[in-house]
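# Inside the fold
Here is what each chain is made of, one letter per residue.
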Amino acid sequence: MRVRHYVGGEFRTDGAPFPLVDPVTGGEAGTAPEAPQAVVDEAVRSARAALSGEWGATSPEERSAALRRIADGIDARFEEFVDAEVRDTGKPRELAATVDIPRAAGNFRAYADLLYGRPERAYTTTVPGWSGGTGQALNYSVRRPLGVVAVISPWNLPLLLLTWKVAPALAAGNAVVAKPSEETPSTATLLAEVIHDAGLPAGAFNLVHGHGADAAGAFLTGHPGVDAIAFTGESATGAAIMRNAADHVTPVSFELGGKNPALVFADADLDAAVDGTVRSSFTHSGQICLCTERVYVERPVFDAFVERLGERARKLDGYGPMISAEHRDKVLSYYRLAVEEGATVVAGGGVPVFGDGRDQGFHVEPTVLTGLPEQARTVREEIFGPVCHVAPFDTEEEAVRLANDSEYGLAATVWTRDLSRAHRVAPRIESGIVWVNCWNLRDLRTPFGGVKASGIGREGGEYSLDFFSEPVNVCIQI
Ligand code: NAD
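Given the structure is predicted, the values throughout are model-derived calculations rather than measurements.

## Section: the overall build of the protein chain
What the protein chain contains, in helices and strands, is 15 helices and 22 strands. The C-alpha radius of gyration computed for the protein chain amounts to 23 Å, which stays within 12% of the reference 23 Å derived for 478 residues, consistent with globular compactness. Taken along its principal axes, the extent of the C-alpha atoms in the protein chain is 70 × 60 × 40 Å. Expressed as a percentage of the 478 residues in the protein chain, the buried residues total 51%.

What follows is the structure in structure tokens.
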């Protein structure tokens, strides 16, 4: 397939091509076009025109039907989407086929369902007199779309995270200009084809490819014609985007990095806690924002937990690579730093040898560390690889303190069979999401997002619709 921009309902490839790399083998995997400022400008203009044209006049029911056609279109080309996601990310095929692509279609269906059969959301309140005033008034507020929305997404769950923003943005009636990660542009291009075939009016959805800083990403987020920015990626990138957006006071919704804790209490089902931590630390080789990198285990079960987690980590196979040579080097630099900081390497810590083409790819070993002080950089900084540090704790109070001792606050996991403890501990954790005896169990209507350096705002269900629309209050004196 050819990676193409999609602007004003047309596919094009202007801009210098840049190379794509297969993370499994390190080999070349085609090219993508680098959108110059002029293409970004045109995409924003097309989006604006769509709002005052056919797209701006659609009803919620029409948008709901359009989202459903997009979901069906993804299903109809399911294998192509899976192939493209696997090629770009190197992730195991099973992961793409059971998580990424079905969830992408699910994102459109979730918002189609939310919109179906309901009028534009209007809230009405009657206010019988107000302080210092006379008479009565009828107040009602209607929500209207923000306008042109920029969507910037990362490489780890390329289509899933892109559609998680595009679906509610379109549902609320906005026009979108999306820029996927330069590392993983393929499924976004297929999505543009599906949206085109689904018959969305030209300009409702636009796609530009390219890099972030000083390139398409920055052109888009600093654009005066953009009314809101929805971004998922690193916290440092979020800060750069915020600076860029400040001149136009553009509202932002941010899903950023994490250094997620898991708390394992001595009363937990240890089999479930070990299983769950294998998943939460090593799924997609740790390249999911929700992955656990800090595990705190109550002292009586600490040794048993570490031994079993280490054994499971050593036996893992079939895992995918890091996304790039650069990211592999970053993760390996943390493996070395951990040792310099005094860690005991319980499992992994290096580069696996497969004896085949994968040895030129970007794999690192699933790694379990112990013995580091809390102030160690390895315990504080997001690594975004298949690695966790396990430390003991003695009291519930200490466990909560350790969990909260982080600049991040995205997702936490609590393992306990004590129901009262679960209810006591969960709300005290400074985190947008707390899972009890599970990990990454998702209901798309629930609020999703982080506190502290992990983000601004919430996505999911009505939360996304609230971000992507603005209430206008109408007050009528009676
Ligand atoms: P990244 O921040 O490097 O890039 C994300 C996107 O931003 C890319 O499309 C990139 O081109 C663009 N970008 C980079 N610099 C930019 C700039 N100055 N202006 C505008 N756009 C710019 O992130 P990544 O490496 O692709 O993804 C990994 C990070 O994403 C991790 O930190 C991870 O925790 C985070 N993440 C968070 C969530 C969440 O829901 N909270 C989900 C997935 C990933």
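## Focus: the nonpolar core
Formed by 139 residues in total, the largest nonpolar core has its most connected members in Leu67, Val149, Val151, Val176, Val177, Leu263 and Val264. For this core, the element with the most residues is helix α4 (residues 93–115), which contributes eleven residues. When residues are assigned to domains, this core turns out to be shared by domain 1 (5–256 + 454–477) and domain 2 (260–436), each giving three or more. Excluding residues that lie within four positions of it along the chain, Leu263 makes contacts with Tyr296, Ala399, Ala403, Val414, Trp415 and Val425.

## With respect to the sheet that holds strand β13 (residues 292–298)
Strands pair in a sheet through their backbones, by hydrogen bonds, and they do so in one of two ways: parallel or antiparallel. Overall, mixed pairing links the seven strands, which are arranged β14-β15-β16-β13-β12-β18-β19 in an open sheet. Two strands lie at the open edges of the sheet, namely β14 (344–347) and β19 (433–436), each paired on one side alone. Going across the sheet, the axis of each strand differs from the next one's by a mean of 25°, ignoring polarity. Pairing geometry for β14 and strand β15 (residues 367–370), over three bridges, is antiparallel. The partner of Val345 across the bridge, within β15, is Leu369. Contacts between helix α9 (residues 270–282) and the sheet are confined to β12 (260–264), β13, β16 (387–393) and β18 (411–415), with β18 contributing the most and set at about 165° to the helix.

## Quick word on the site of the ligand
Close to the ligand lie 31 residues, the nearest being Pro154, Gly212, Gly217, Gly233 and Cys289. Broken down by secondary-structure element, the contributors of at least two residues to the shell around the ligand are α7 (216–221) and α8 (235–246). Of the residues in the shell around the ligand, the class split is twelve nonpolar, 14 polar and five charged. For the shell around the ligand, the domains that each give at least three residues are domain 1 (5–256 + 454–477) and domain 2 (260–436).

## Concerning the environment of Ser253
Inspection of the secondary structure assignment puts Ser253 in strand β11 (residues 252–255). It is 12 Å that separates the C-alpha atoms of Ser253 and Ala169, two residues lying 84 residues apart in sequence. Every residue in contact with Ser253, bar those within four places of it in the chain, is listed here: Ala230, Ile456, Gly457, Glu459 and Phe467.

## Overview of the domain arrangement of the protein chain
Split into domains, the protein chain comes out as domain 1 (5–256 + 454–477) and domain 2 (260–436). Computed over C-alpha atoms, the centres of domain 1 and domain 2 are 32 Å apart. Opposite the 17 residues of domain 1 that make contact, domain 2 presents 20 residues. Taken together, the residues of the side of domain 1 that touches domain 2 sort by class into seven nonpolar, seven polar and three charged.

## Some details on the packing of α4 against helix α5 (residues 158–171)
Contact geometry for α4 and α5: axes closest at 8 Å, N-to-C directions at 15°. With respect to their mutual orientation, α4 and α5 come out roughly parallel. Where α4 crosses over α5, the two elements pack in a sense that is right-handed. Residue-level contacts link Asp100, Ile101, Arg103, Ala104, Asn107, Phe108, Tyr111, Leu114 and Leu115 of α4 to Leu159, Leu160, Thr163, Trp164, Ala167, Pro168 and Ala171 of α5. Of the residues in the contact of α4 with α5, the class split is twelve nonpolar, two polar and two charged.

## Regarding the environment of Ile74
The topology assignment puts Ile74 in helix α2 (residues 60–76). Separated by 148 residues in sequence, Ile74 and Gly222 have C-alpha atoms that sit 31 Å apart. When near neighbours in sequence (up to four residues on either side) are disregarded, Ile74 contacts Phe81, Ile101, Ala104, Ala105 and Val194.

## Quick look at the UniProt feature "active site" (unreviewed entry) in the protein chain
On the UniProt side, "active site" (unreviewed entry) is annotated at positions that read Glu255 here. Inspection of the secondary structure puts Glu255 in strand β11. Under the C-beta neighbour-count criterion, Glu255 is labelled buried, with 27 such atoms within 10 Å. In this view, Glu255 contacts Thr232, Cys289, Gly449, Gly450, Gly455 and Glu459; residues no more than four positions away in its chain are not counted.

## Quick notes on the confidence of the model for the protein chain
Chain-level statistics for the protein chain give a pLDDT mean of 96 and a share of 96% at 70 or above. Model confidence for the complex is summarised by a pTM of 0.96, with the ipTM given as 0.97.

## Quick look at the pairing of β12
Summarising burial for β12: five of the five residues are buried, a large majority. Burial along β12 is two-sided: Asn260, Ala262 and Val264 and Pro261 and Leu263, pointing in opposite directions, are all buried. One ladder, built from five bridges, connects β12 with β13; its direction is parallel. Within the sheet, the bridge partner assigned to Val264 lies in β13 and is Val297. Following the chain from β12 across α9 to the adjacent parallel β13, one finds a crossover that is right-handed. Direction of pairing for β12 relative to β18: parallel, over a ladder of three bridges.

## Looking at unusual backbone geometry
In this model, Phe384 sits at a positive phi of 65°, which is unusual for a non-glycine residue. Within the element layout of this structure, Phe384 appears in the loop between α12 (377–380) and β16. Despite not being glycine, Lys452 has its phi angle at roughly 50°, a positive value. With respect to the element layout, Lys452 can be found in strand β20 (residues 451–452).

Criteria and cut-off values
Residues numbered from 1 in each chain as written. Predicted model: local features only at pLDDT ≥ 70, side-chain atom pairs only at ≥ 80, totals over all residues. Helix = DSSP H or I, 4+ residues; strand = E, 2+ residues; numbered from the N terminus. Rg over C-alpha atoms; globule rule 2.2 N^0.38 Å. Buried ≥ 20, exposed ≤ 12 C-beta atoms within 10 Å, placed from the backbone. Core = buried A, V, L, I, M, F, W, Y, C linked by C-beta atoms within 7 Å. Domains from an automatic or database assignment. Contact = placed C-beta atoms within 7 Å. Pairing = 2+ DSSP bridges. Axes fitted to C-alpha atoms, helices over the stretch in contact; angles between N-to-C directions. Near = placed C-beta within 6 Å. Nonpolar A, V, L, I, M, F, W, Y, C, P; charged D, E, K, R; others polar. Parallel < 35°, antiparallel > 145°, perpendicular 65-115°, else oblique. Left-handed = near helix turned anticlockwise from the far one by under 90°. UniProt positions renumbered as here; feature names shortened; annotations may be inferred. pLDDT = per-residue confidence, 0-100. Right-handed = clockwise from strand over helix to strand, strands pointing away.

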